Amino acid sequence: QVQLVESGGGLVQPGGSLRLSCGISGSIFSIYLMGWYRQAPGKQRETVALINNSGLTNYADSVKGRFAISRDSAKNTLVLQMNSLKPEDTAVYYCNTKSYPSGDSWGQGTQVTVSS
């Protein structure tokens, strides 16, 4: 079992930045993929960014060049640095890990609101 706790959401003006963090505990050794997802009101949850155990990353086209996913193995933390934020980035952001054999683990979500 893996436990995840997100932090760092909030209200920011368009063009601003936010840094989301996800504290990871439990069966960390079993994780093979970590990522951030988001869900806006009335929309399906979508993948924002992924990172695997080799450090390879993948981003949604809508956030490429603006967001950066990283992990701090020493601190067991997953980070999403979000720059040049747009109103359409407004959503609840979720941290996710995939591990074997437990499968998916999700955090409780953190609200990000981009508005003037």
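So, here is what we can say about the structure in this document. Since we're looking at a predicted model, the values are computed, not measured.

## A closer look at the side chain of Thr 97
Inference 1: Summarising the element assignment, Thr 97 is placed in strand β9 (residues 91–99).
Inference 2: Those residues in contact with Thr 97, other than ones at most four positions away along the chain, are Val 2, Leu 4, Ile 24, Ile 31, Leu 33, Met 34, Gly 103, Asp 104 and Ser 105.

## Some thoughts on the pairing of strand β10 (residues 103–106)
Inference 1: Looking at chain direction, β9 and β10 are connected through four bridges and run antiparallel. Counterpart to Ser 99 in the pairing with β10 is Gly 103.
Inference 2: Counted along the chain from β9 to the antiparallel partner β10, the turn is three residues long.

## Some details on the environment of Val 114
Inference 1: Structurally, the position occupied by Val 114 is in strand β11 (residues 110–114).
Inference 2: The sequence separation of Val 114 and Glu 88 amounts to 26 residues, and the corresponding C-alpha distance is 7.6 Å.
Inference 3: If sequence neighbours within four positions are ignored, Val 114 has contacts with Val 12, Gln 13, Pro 14, Leu 85, Lys 86, Pro 87, Asp 89 and Thr 90.

## Concerning the sheet that holds strand β1 (residues 2–7)
Inference 1: Strand order in the open sheet formed by four strands is β1-β3-β8-β7, with antiparallel pairing between adjacent strands. What marks the edges here is a single partner per strand, and that holds for β1 and β7 (67–72). Strand-to-strand twist in this sheet, taken as the mean axis angle between neighbours without regard to direction, amounts to 15°.
Inference 2: With six bridges joining them, strand β3 (residues 18–26) and strand β8 (residues 77–82) adopt antiparallel strand pairing. When the sheet's bridge partners are listed, Gly 23 is paired in β8 with Thr 77.

Conventions used here
Residues numbered from 1 in each chain as written. Predicted model: local features only at pLDDT ≥ 70, side-chain atom pairs only at ≥ 80, totals over all residues. Heavy atoms only, no water. Helix = DSSP H or I, 4+ residues; strand = E, 2+ residues; numbered from the N terminus. Contact = heavy atoms within 4.5 Å. Pairing = 2+ DSSP bridges. Axes fitted to C-alpha atoms, helices over the stretch in contact; angles between N-to-C directions.

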